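Now for the letters of each chain:
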Amino acid sequence: MQPSRVFNRRPLVLLALCFTLGIVLGRYLHSTMLYVSSAAVFAAAAVCLHVLSKNRWGRITLALICTAFAFFGSFLSASAVSVPYLPGGTHTVTGHIYSTPTVNDYGSVVCLLDDAQIDGQACGNIKLYASASSAALKSGNVISAAAEVKVPDGVRNPGGFDERLYLLSKNIHYKAYTDAVTVTGTRKTLATVLNDIRASLGDVIERVFAADTAPVAKGMLLGDKQSLDEDTYSTFKDTGMAHVLAVSGLHAAILIAVVYGFFRLIRLGRSPTLAATLVFIAAYAFVTGLTPSILRASVMAVVLLLGRHFGRQTDTFSSLALAFIISLIINPLDLFMAGFQLSFGAVFGLLTLGAQIRRLLVNFLPTRLSDMISASVGATAGTMPVLAASFNRLSVLSIVINIVVLPLASLAIVLTFITTLLALLMGQAAAWLAFAADAVIRLMLTIVEALAVLPFAAVNAATPPWYITIGFFLLLFIVSKYLLVGAKLKALLGGVLTAAALFVVLITQPAGMTVTFLDVGQGDAAFVRTAQGGEYFVDGGPPKSADEVVDFAVRRGITPDAAFVSHTDDDHFAGLVKLYEQNMLHKVYCSTHEFAAVTAAMPKAEVVPLSAGDAVLLDDETRAVVLYPYSDSADGDKNDLSLVLLIEYKGHSALLTGDISGKNETALFMGLSHVDIYKAAHHGSKYSSYRLPLSGLNPKYSIVSVGENRFGHPDAWALNNLGDYSDAVYTTMQDHAVVFHIDDTIKVKTYGG
């Protein structure tokens, strides 16, 4: 018989959905007073109706509570992303270091400050970068410094990392840079005490574990990945096992079960066992930093334990929703963080797809094996879209690897916990138990490393659109037991949802040609996608940004047909070499003067020499015409032999000039008429962008590709000239990536400003 309900009532799930909607709204619409007042009004109305109505949980009451939750979420989110304006220059920064300072790849000492003030005004936390001379700083120090203070950058390139949002999720509003720090005192707070406990436990692990396994043990038990080498972490990430090296909800659940079982074993009594376990849950959650996965596992464990203690059956889906709400009340911006999404996505996958697969497998496989397979499939499904969106990497073997590795990881975390606990009590005498933990961790490392080298163990994945990710989770819900409809209707709903997603993908594809000038700092990198799908890079930026160019290509699912090299200076060429080394670039166009250098850097690539007068057909409607250099051009300055391209499409044109000088601009461009897009030469140098050639080009848009540098780029004189002859001037230092969508008209999108 068909059930009368489509799904059972779960108010907490509905509240979680409304709370999520509110947080998303608040991130983009910063109307904090409107949100808090609206939340208060709807909450008051719900309370009144709750008191007066005979049906205490009537639909209207629930609707009012959900609306109040949505506005409350909006208020929390809008408040969290609000950063007061700060004028540039040097400011006096004071604050309290609340975690152990670290040293970054550039040798700077990085400190996190709470109770921070800028020129005597309270602000959010500050991330302070100090010179190497500040290496003696430690957790608990109260400091003062004259520092350059900046608001962190948001997204600099399409689909890129949002540093500002990430730091705001840690309540860090500003970054500060200083050469000298003065310690004015020392103060202990809860944060520093917990940090000291975590550091002390890490020291214990390092004393009793072997040198090769201690970093893994610290990561699994404490979430401390500072001493993990990059190769090990990359190997685990590529195989979909990165969660094993962190304090995950799985690890917390295992430890909670072990502690609870121990207290039951020694017959501590029902109430003392519950109380002692709850104390352990709280202590472990705080010591490990209240990460989203730990908070989720802790809340769900508390609900389960309280339910058992009071003889009440608990609903896992509602427990997950409660943990979801509590986590986001504590930190609403965690909603947009990968760690939060992975933790809750994994459990959602377990409860939906995993549970259904288990129902099928238990009919012909042993229960334990069915549990392992279904859990691996469910967790993999629940994390797959998040991994694609956040890391652009998917493990083909993760389902199999999970089945093999997770039992070892579970054993390793238990042995690590017991060894650390005994070492606190017995000192070095506990080292004998560490041998067993070392053996299990080494076996786990060996298996993961062996599987990681298999062909296609991991593949790159383009970032899926947000609506695809949501649609995927809706699909998991459709197949789950929580949707109380028949299999045929579920299949129909799944088909409709899939068709709708594909339709949206098709209609949201931009028409025409797209030219993207990437923010690569002090360097040049542009990407051209033609109307018919041709993909071409023009330069690739400096070594410092080479990984960002590769990441951009992976995020956007780009498989470039070819790249154009203006010249082989590092600030133009390094990113292209990185693409080649990643086996993503196989064909390169360059000037005849740079042919030998490009061939030497990319010996297996097809290198095509070009000179003035040549034209490369990018598709049936688009061509790149080479204006310079001539085959017999001779100039002592490599910059002045840059490949100059005029890209033409349906009556529109983009002129890319490399690093040529104003002298060559004048000689080359006086015969050209109007261009739509002009990439200013040599990063806006004072020796380029002369008025005479600009008066003939009269570009609609000019773009200066530039970053922080010691050369004075962009020069005020060059910017003034560009401004006089252009409708709009953009610089990647201020506007970050600049994207031109070119069809019948030209639309411009910037990522900064």
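Since the model is a prediction, treat every value here as computed from it, not as a measurement. (Residues numbered from 1 in each chain as written. Predicted model: local features only at pLDDT ≥ 70, side-chain atom pairs only at ≥ 80, totals over all residues. Heavy atoms only, no water.)

Asks: Which residues make up helix H10 (residues 292–309), and what are the values?
Replies: The terminal C-alpha atoms of H10 lie 26 Å apart, and with 18 residues this matches the ideal 26 Å at 1.5 Å per residue to within 8%. Counting buried positions along H10 yields 13 of 18 residues, so the element is predominantly enclosed. Following H10 by one or two positions, glycine 311 adopts a phi angle in the positive range, close to 70°. (Helix = DSSP H or I, 4+ residues; strand = E, 2+ residues; numbered from the N terminus. Expected span 1.5 Å × (residues − 1). Buried < 20%, exposed > 50% of the residue type's maximum accessible area, 1.4 Å probe, protein only.)

Asks: Give me the packing of aromatic side chains: which residues, what numbers.
Replies: This structure, assessed with the given rule, holds 26 aromatic pairs. Ring centres of phenylalanine 527 and phenylalanine 537 lie 5.1 Å apart, and the angle between their planes is 55°; on these two criteria the pair is classed as tilted. Taken together, the residues span a long stretch of sequence, with phenylalanine 527 in strand S12 (residues 525–529) and phenylalanine 537 in strand S13 (residues 535–540) at a distance of ten residues. For the pair phenylalanine 527 and phenylalanine 537, one class covers both residues: buried. Looking at arginine 27, its charged tip hangs above the ring of phenylalanine 336, at a distance of 4.6 Å from the centre. The ring of tyrosine 106 has lysine 544 lying over it, and the distance from NZ or CZ to the ring centre is 5.6 Å. (Phe/Tyr/Trp six-rings, centres within 6.5 Å; stacked < 30°, edge-to-face > 60°. Lys NZ or Arg CZ within 6 Å of the ring centre and 35° of its normal.)

Asks: Provide a residue-level description of the sheet that holds strand S17 (residues 615–619), including the pertinent values.
Replies: Read across the sheet, seven strands follow the order S17-S18-S19-S20-S21-S22-S23 without closing on themselves; strand pairing throughout is mixed. Each edge of the open sheet carries a strand with a single partner, namely S17 and strand S23 (728–731). If you compare each strand with its neighbour and ignore which way they point, the axes differ by 20° on average. Bridge count between strand S18 (residues 622–628) and strand S19 (residues 644–649): six bridges; the pairing is antiparallel. Residue pairing for S19: tyrosine 628 is matched across the bridge by valine 644. Helix H21 (residues 662–669) rests against S18, S19, strand S20 (652–656) and strand S21 (677–679) of the sheet, and its axis sits at about 120° to S18. Contacts between helix H23 (residues 716–725) and the sheet are confined to S21, strand S22 (701–704) and S23, with S23 contributing the most and set at about 145° to the helix. (Pairing = 2+ DSSP bridges. Axes fitted to C-alpha atoms, helices over the stretch in contact; angles between N-to-C directions. Contact = heavy atoms within 4.5 Å.)

Asks: So what's going on with the pattern of salt bridges? Which residues, and what values?
Replies: Following the criterion strictly, the structure yields 20 salt bridges and no others. For aspartate 371, the salt bridge is made with arginine 358, and the minimal N-O distance between the two is 2.4 Å. Of this pair, aspartate 371 sits in helix H13 (residues 367–391) while arginine 358 is found in helix H12 (residues 338–361), placing the two residues 13 residues apart along the sequence. The class of aspartate 371 is partly exposed, set by a relative accessible area of 31%. One salt bridge connects aspartate 569 with lysine 638, and the closest N-O pair in it is separated by 3.6 Å. With aspartate 569 in the loop between strand S14 (562–564) and helix H19 (570–581) and lysine 638 in the loop between S18 and S19, this residue pair connects regions lying 69 residues apart in the sequence. On the basis of relative accessible area, aspartate 569 is assigned to the partly exposed category, the value being 23%. What you see here is one network of salt bridges that share partners, running through Glu148, Lys150 and Glu708. (Salt bridge = Lys/Arg side-chain N within 4 Å of Asp/Glu carboxyl O.)

Asks: Describe the sheet that holds strand S15 (residues 587–591), and please don't skip the residues or the numbers.
Replies: Read across the sheet, eight strands follow the order S16-S15-S14-S13-S12-S11-S24-S25 without closing on themselves; strand pairing throughout is mixed. Edge strands, defined here as strands with exactly one partner in the open sheet, are strand S16 (606–610) and strand S25 (746–750). Averaged over all adjacent pairs, the angle separating strand axes in this sheet is 20°, with direction ignored. Strand direction decides the pairing type here: strand S24 (residues 738–742) and S25, joined by five bridges, are antiparallel. Looking at S25, one finds that histidine 741 is bridged to lysine 747. The strands touched by H19 within the sheet are S13 and S14, with S13 carrying the most contacts at an inclination of about 130°.

Asks: Account for the state of the cysteines, with residues named and values stated.
Replies: In the structure shown here, the tally under the stated rule is zero disulfides. Not engaged in a disulfide, the cysteine cysteine 111 finds its nearest cysteine sulfur in cysteine 123; these two sulfurs lie 15 Å apart. (Disulfide = S-S within 2.5 Å.)

Asks: Lay out the packing of helix H5 (residues 190–208) against helix H6 (residues 214–222) with the relevant residues and their values.
Replies: At a minimum axis distance of 9 Å, the contact between H5 and H6 shows a crossing angle of 145°. The element H5 and its partner H6 pack so that their crossing is right-handed. Two secondary-structure elements touch here, H5 through Arg198, Leu201, Gly202, Ile205 and Glu206 and H6 through Ala214, Ala217, Lys218, Leu221 and Leu222. For the contact of H5 with H6, the per-class residue count stands at six nonpolar, one polar and three charged. (Left-handed = near helix turned anticlockwise from the far one by under 90°. Nonpolar A, V, L, I, M, F, W, Y, C, P; charged D, E, K, R; others polar.)

Asks: Quick one: what's the story with the pairing of S12, residue by residue and with numbers?
Replies: Extensive coverage of S12 is indicated by the burial of four of its five residues. Across four bridges, the pairing between strand S11 (residues 513–517) and S12 is antiparallel. From the neighbouring strand, valine 515 faces S12, where its bridge partner is valine 528. Relative to S13, S12 runs antiparallel, the two sharing five bridges. Bridging across to S13, phenylalanine 527 finds its partner in phenylalanine 537. In this structure, the hairpin formed by S12 and S13 is closed by a connection of five residues, where glycine 533 is found at a positive phi of approximately 95°.

Asks: Which residues make up a negative patch on the surface, and what values do they have?
Replies: Together, Asp105, Asp229, Glu230, Asp231 and Glu449 make up a negatively charged patch on the protein surface. Secondary-structure assignment places aspartate 231 in helix H7 (residues 230–238). Given the relative accessible area of 60%, aspartate 231 is considered exposed. (Patch = residues over 30% accessible without salt bridge, like charges linked within 9 Å, V, L, I, M, F, W, Y side chains within 5 Å. Areas by Shrake-Rupley, 256 points an atom, 1.4 Å probe, with all protein chains shown as cover. Lys, Arg positive; Asp, Glu negative; His and termini not counted. Charge placed at Lys NZ, Arg CZ, Asp CG, Glu CD.)

Asks: So what's going on with the pairing of S15? Which residues, and what values?
Replies: Of all five residues making up S15, four are buried, and the element is well covered by its neighbours. The pairing of S14 with S15 spans two bridges and is parallel. The residue bridging alanine 563 from the neighbouring strand is valine 588, located in S15. What joins S14 to S15 is H19, and the crossover it makes is right-handed. Two elements, S15 and S16, share five bridges in a ladder whose sense is parallel. Looking across to S16, one finds that cysteine 590 is bridged to proline 609. As a crossover connection, the stretch from S15 through helix H20 (residues 595–601) into S16 is right-handed. (Right-handed = clockwise from strand over helix to strand, strands pointing away.)

Asks: Lay out unusual backbone geometry in plain terms, naming residues and giving numbers.
Replies: Looking along the chain, the bond that leaves tyrosine 628 and enters proline 629 is cis, with omega of 0°. Looking at the secondary structure, you find proline 629 in the loop between S18 and S19. Here histidine 713 and proline 714 are connected by a cis peptide whose omega angle stands at -10°. The phi dihedral of leucine 290 falls on the positive side, at around 50°, and the residue is not glycine. For leucine 290, the position within the fold is in the loop between helix H9 (270–287) and H10. The phi torsion at aspartate 539 lies on the positive side, around 70°, for a residue other than glycine.

None of the figures reported here should be taken as evidence of function without further support.
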